[in-house]
2 protein chains.
Amino acid sequence: MSTNIPPQPSTEVDLIICSGWVITMESPDAVLEDHAVVIHQGRIIDILPCAHINQYKAKETIHRPEHALLPGFVNAHGHSAMTLFRGLADDLALMDWLNHHIWPAEKSWVDPEFVEHGAELAIVEMIRSGTTTFCDQYFFPETTALVAERNHIRCRLNTPVLDFPSAWAESADDYLDKGISLFKQHENHPLISVSLGPHAPYTVSDKALERVMETAKKYQCGIHMHVNETAHEVEEALKQSGIRPIERLNNLGLLSPQFQAVHMTQITDIEISLLANSGAHVVHCPESNLKLASGLCPVHQLQEEGINVALGTDGAASNNDLDMISELRTASLVAKLVDHNPTALPAYEALKLATINGAKALGLADDIGSICTGKSADLISIDLSAPELQPLYNPVSQIVFSAGRENITDTWVAGKQLMNQRQLNFINENDTFTFAKSWQAKIAAFKY
Amino acid sequence: MSTNIPPQPSTEVDLIICSGWVITMESPDAVLEDHAVVIHQGRIIDILPCAHINQYKAKETIHRPEHALLPGFVNAHGHSAMTLFRGLADDLALMDWLNHHIWPAEKSWVDPEFVEHGAELAIVEMIRSGTTTFCDQYFFPETTALVAERNHIRCRLNTPVLDFPSAWAESADDYLDKGISLFKQHENHPLISVSLGPHAPYTVSDKALERVMETAKKYQCGIHMHVNETAHEVEEALKQSGIRPIERLNNLGLLSPQFQAVHMTQITDIEISLLANSGAHVVHCPESNLKLASGLCPVHQLQEEGINVALGTDGAASNNDLDMISELRTASLVAKLVDHNPTALPAYEALKLATINGAKALGLADDIGSICTGKSADLISIDLSAPELQPLYNPVSQIVFSAGRENITDTWVAGKQLMNQRQLNFINENDTFTFAKSWQAKIAAFKY
């Protein structure tokens, strides 16, 4: 794994992280014992045995002998500001939950301040649970961009597109214009990138989707969309148009490697072919789909057909957390059920969903998603010494089936340490708690 | 909730726990804000507002203002010593896992020392994750009894019964004789109780089951058995006998309120009637069933028919943890999927599975399973102030859908505090780590 030309002794570097294990996610065999990752100017420049680190002179050397070092998690679908609605309305069907709880609450509360505080609470939770890149789809994305930037976390913003107005935009064209403006502001930004987030086939017209497609082609950006989340929406589409949503999107030319279909709990063989042939990605959100009883995406079957499947938590209002280590475990467990096959989505494949597959879905795999020289140092350290993780026969299996968010001790994005042994470096958790309580008081008191 | 006769001012008591919320599990409405539980001689003697605690003079008063106080979890099915096999063999089918991994490993390693160390590791994990009663089924139960006793945790031991020999016993009669002897040793023990644990219909003959039934009747003890864990075992039973296992158990007279059927992932309407009419209990182990792709118990349907459903983690070799808060969340999420109904097994019902329903299944509901004057003070405190639990609209929902084992700060059994703000009082975690590592080295090196 070392670079071809051995570096000169005492090459000066910013950071060396020595770890009990380095799980690179470059191949199932690449679980390297007692290895170190060398970081300079935010990038990984070498991976070598801990015993050989003295060929570098590092400004900082961090030792985590009982830990596994992994690429940070890529949460490929969420609505970060919705953390402020966490637990507001549970144990309800999707359309009841949306129509009678979430949409009225959004109408009452969503403004830039709500998004600022909600996104910050989400970022605290994500850093604490090992997410280094989050893919967001919510109103006022320019605010979420500011919050992500000031907290040094990597973020993909999918700017909403809807046929109906919201506090953020008036019309489909207005949504798109605002999205393009935000895209242009963040071209070449080291951490923030912008793509288009048409909400769902049932909320965006063909005309608006055509402009989404043209815009995505022109700017070479992604398209991120809820598709086939429930059987109900597919039935409605069939009633109205005679074709299923994926077929409609295909007819409109939207399916391509830039397209991310989120949820896909309902899927036919024809739809699988359309997705596979187009190179589109699927984002699986198992806990949200279970909680809303929407069904489950047949991950193993999609993978067999060569479709890249990433993983997302969805918003905290329907999950109710942003915990990727719990999500990937759930993904592995339910894949076995759906496929009637206990070998489906084994531990390593589940970890891929949450790392390299997410990076691929977002078109960021050259930069993140695995531990590899040249990539950005987006890393997490997981302490494997807790009683719940003993004995330790296989670190990958232990992380997937036994570890919890609380075992994640350190988080780095582009070489910057955001959490150090469970302490956040840039965010005051007390402030987060105070503003969360203030929103709680307002929202709980309001009758909508 | 207060006792009818107000106690005299300054009544001397052992302990008062003041809590932000007391979730009694006596009814969905009984979520009491700023309440205290008063404990004397191991029992709950009063529940009253924190503002009124000065009518008692307590040896110790503990304040947990940001926390919820709940009855401790009842883990209604497990094999505690198998923690030493955690992560040894994952992503495999049940019979492959048993035949080629677990049974050979058990043959090589299971002896009293293995059981002692494995049970102690399990108990550390269980105390840290809020389990105050565990229901065990494993070889050398007399050793598990000693380990449970010295660590002050409540334990139901289901002594194995099998047709084939093991390191612990020679024959079905030998297993039963040893079980009866252990039962007699623990009659009237405050924490340890003993019942019979015939392994499964496919490993115990009619003759042995008849003696199990007679013994259970004579001693008024429970019968705890794996039943209908997989479709395969039901098909085999049908081939061999023409009837399904539950029908066979019913014909033998085993079904009664003393009977706990563990797993039940395969179930017909007739079997549901047989269980409901007999008053037998079902123990649901969703994470183990998912991981082995065994199927899922239709919890909501069983509850509709009046069957009491409890919750178990199963052993750490097939889960891979003993974390009841994760298990009850999984139970709620998958119940919604199985029932195609997002209102199935809502948060409060899921908490019941892990508390009062477990107590009922074990015949211990007079003593444990809810916070009620007269019951034993088996309690846990859950810190609801973590960022992952903000905002907080509904404590029950937040515990089920957002909290993790790491939020459990304190555990009491019969009024004795086993964990105080995440520190164990009676077990040295370093010792546990050292012996787990020693077993890991031996077991990992062995080729079976």
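Residues numbered from 1 in each chain as written. Chains lettered and ligands numbered in written order. Predicted model: local features only at pLDDT ≥ 70, side-chain atom pairs only at ≥ 80, totals over all residues. Heavy atoms only, no water.

A. Region of the structure containing the sheet that holds strand 14 (residues 408–413) of chain A. Strand order across the open sheet formed by 8 strands is 3-2-1-4-13-14-15-16 (chain A), with mixed pairing between neighbours. The sheet terminates laterally at strand 3 (43–49) and strand 16 (423–424) of chain A, the two strands that pair on one side only. (Pairing = 2+ DSSP bridges. Helix = DSSP H or I, 4+ residues; strand = E, 2+ residues; numbered from the N terminus.)

B. Inspection of helix 15 (residues 429–445) of chain B at higher detail. Residue and element names in this part refer to chain B. With 17 residues, helix 15 extends 24 Å from end C-alpha to end C-alpha; this agrees with the ideal 24 Å at 1.5 Å per step. Along helix 15, the residues that are buried comprise Thr432, Phe435, Ala436, Trp439, Gln440 and Ile443. Down the axis of helix 15, the sector holding all buried residues measures 150°, keeping them to one side. The outward face of helix 15, more than 90 degrees from its buried face, is lined by the exposed residues Asn430, Thr434, Ala441 and Ala445. Of the surrounding secondary structure, the elements contacted by the buried residues of helix 15 are helix 1 (94–109) and helix 2 (112–128). Residue asparagine 428 occupies the N-cap position of helix 15, its side-chain oxygen lying 2.8 Å from the main-chain nitrogen of asparagine 430. (Expected span 1.5 Å × (residues − 1). Buried < 20%, exposed > 50% of the residue type's maximum accessible area, 1.4 Å probe, protein only. Arc of directions from axis to C-beta. Contact = heavy atoms within 4.5 Å. Polar contact = N/O pair within 3.5 Å; in protein donor to acceptor, adjacent residues only side chain to side chain.)

C. Seen up close, unusual backbone geometry. In this chain, asparagine 319 of chain A is followed by asparagine 320 of chain A through a cis amide linkage whose omega measures 5°. Its location among the elements puts asparagine 320 of chain A in the loop between strand 12 (309–311) and helix 11 (324–338). Cis peptide bonds are those with omega within 30 degrees of zero, and the linkage from glutamine 390 of chain B to proline 391 of chain B qualifies with -20°. Among the structural elements, proline 391 of chain B can be located in the loop between strand 13 (379–383) and helix 14 (395–401). Positive phi, close to 50°, is recorded for methionine 264 of chain B, a residue that is not glycine. Checked against the element boundaries, methionine 264 of chain B lands in the loop between strand 10 (259–263) and helix 8 (269–278). With phi around 50°, alanine 414 of chain B is a residue other than glycine that occupies positive phi space. Structurally, alanine 414 of chain B is set in the loop between strand 14 (408–413) and strand 15 (416–420).

D. Looking closely at the sheet that holds strand 16 (residues 423–424) of chain B. All names here are of chain B. Strand order across the open sheet formed by 8 strands is 3-2-1-4-13-14-15-16, with mixed pairing between neighbours. Each edge of the sheet is formed by a strand with only one pairing partner; in this case those strands are strand 3 (43–49) and strand 16. One ladder, built from 5 bridges, connects strand 4 (residues 56–71) with strand 13; its direction is antiparallel. Paired with leucine 69 across the bridge in strand 13 is serine 381.

E. Focus on the domain arrangement of chain A. All names here are of chain A. Taken domain by domain, chain A holds domain 1 (11–71 + 379–413) and domain 2 (73–361). The centre of domain 1, based on its C-alpha atoms, is set 30 Å off from the matching centre of domain 2. Contact with domain 1, which involves 21 residues of that partner, is made by 26 residues of domain 2. Here domain 1 and domain 2 share an interface that buries about 1900 Å² over both sides, 73% of which is from carbon and sulfur atoms. Where domain 1 packs against domain 2, one counts 0 salt bridges. Among the secondary structure elements, those contributing two or more residues to the side of domain 1 that touches domain 2 are strand 4 (56–71), strand 13 (379–383), helix 14 (395–401) and strand 14. Across the side of domain 1 that touches domain 2, the residue classes tally to 15 nonpolar, 4 polar and 2 charged. (Domains from an automatic or database assignment. Buried area = accessible area lost by both parts, 1.4 Å probe. Salt bridge = Lys/Arg side-chain N within 4 Å of Asp/Glu carboxyl O. Nonpolar A, V, L, I, M, F, W, Y, C, P; charged D, E, K, R; others polar.)

F. Examining empty space enclosed by the protein more closely. Throughout the structure, instances matching the rule amount to 6 cavities of 30 Å³ or more. Put simply, the largest cavity is a space of about 350 Å³. Along its surface, the largest cavity is lined by 30 residues, and Ser326 and Arg329 of chain A together with Asp323, Ser326 and Arg329 of chain B are the ones closest to its centre. Of all the secondary structure elements, the ones that give two or more residues to the lining of the largest cavity are helix 9 (286–291) and helix 11 of chain A together with helix 9 (286–291) and helix 11 (324–338) of chain B. Partitioned by chemical class, the residues of the lining of the largest cavity number 10 nonpolar, 8 polar and 12 charged. (1 Å grid on protein atoms, 1.4 Å probe; cavity = no way out; pocket = protein on both sides within 12 Å on 5 of 7 lines; lining within 4 Å. Points joined across faces, edges and corners; volume = space filled by probe spheres on them.)

G. Representation of the pairing of strand 9 (residues 223–227) of chain B. For strand 9 of chain B, the tally of buried residues reaches 5 of 5 residues, placing the bulk of the element in the interior. Neither face of strand 9 of chain B is left uncovered, since the one carrying Ile223, Met225 and Val227 of chain B and the one carrying His224 and His226 of chain B both have all their residues buried.

H. Molecular detail of the pattern of salt bridges. For the coordinates displayed, the defined rule picks out 44 salt bridges over all chains. Taking the shortest distance from any N to any O, the salt bridge between lysine 59 of chain A and aspartate 14 of chain A comes out at 3.0 Å. You can see lysine 59 of chain A sitting in strand 4 and its partner aspartate 14 of chain A sitting in strand 1 (residues 11–23), a full 45 residues away along the chain. With its nearest N and O atoms 2.7 Å apart, the salt bridge here joins arginine 154 of chain B to aspartate 378 of chain B. Residue arginine 154 of chain B is located in strand 7 (residues 154–161), and its partner aspartate 378 of chain B is located in the loop between helix 13 (356–361) and strand 13; the two are separated by 224 residues in the primary sequence. By sharing partners, the salt bridges in this structure join Glu116, Glu120 and Arg150 of chain A into a single network.

I. Examining the relation of the copies chain A and chain B more closely. You can overlay chain A on chain B at an RMSD of 0.0 Å; the transform is a turn of 180° with a shift of 0.0 Å along its axis. Accordingly, the operation relating the two chain copies is best matched by a two-fold axis. Judged by C-alpha distance, glutamate 406 of chain A is the residue of chain A that lies nearest the rotation axis, at 3.3 Å. Comparing interface residues between copies, 100% of those in chain A also lie at the interface in chain B; the contact surface is shared. (Least-squares fit on C-alpha atoms with pLDDT ≥ 70 in both.)

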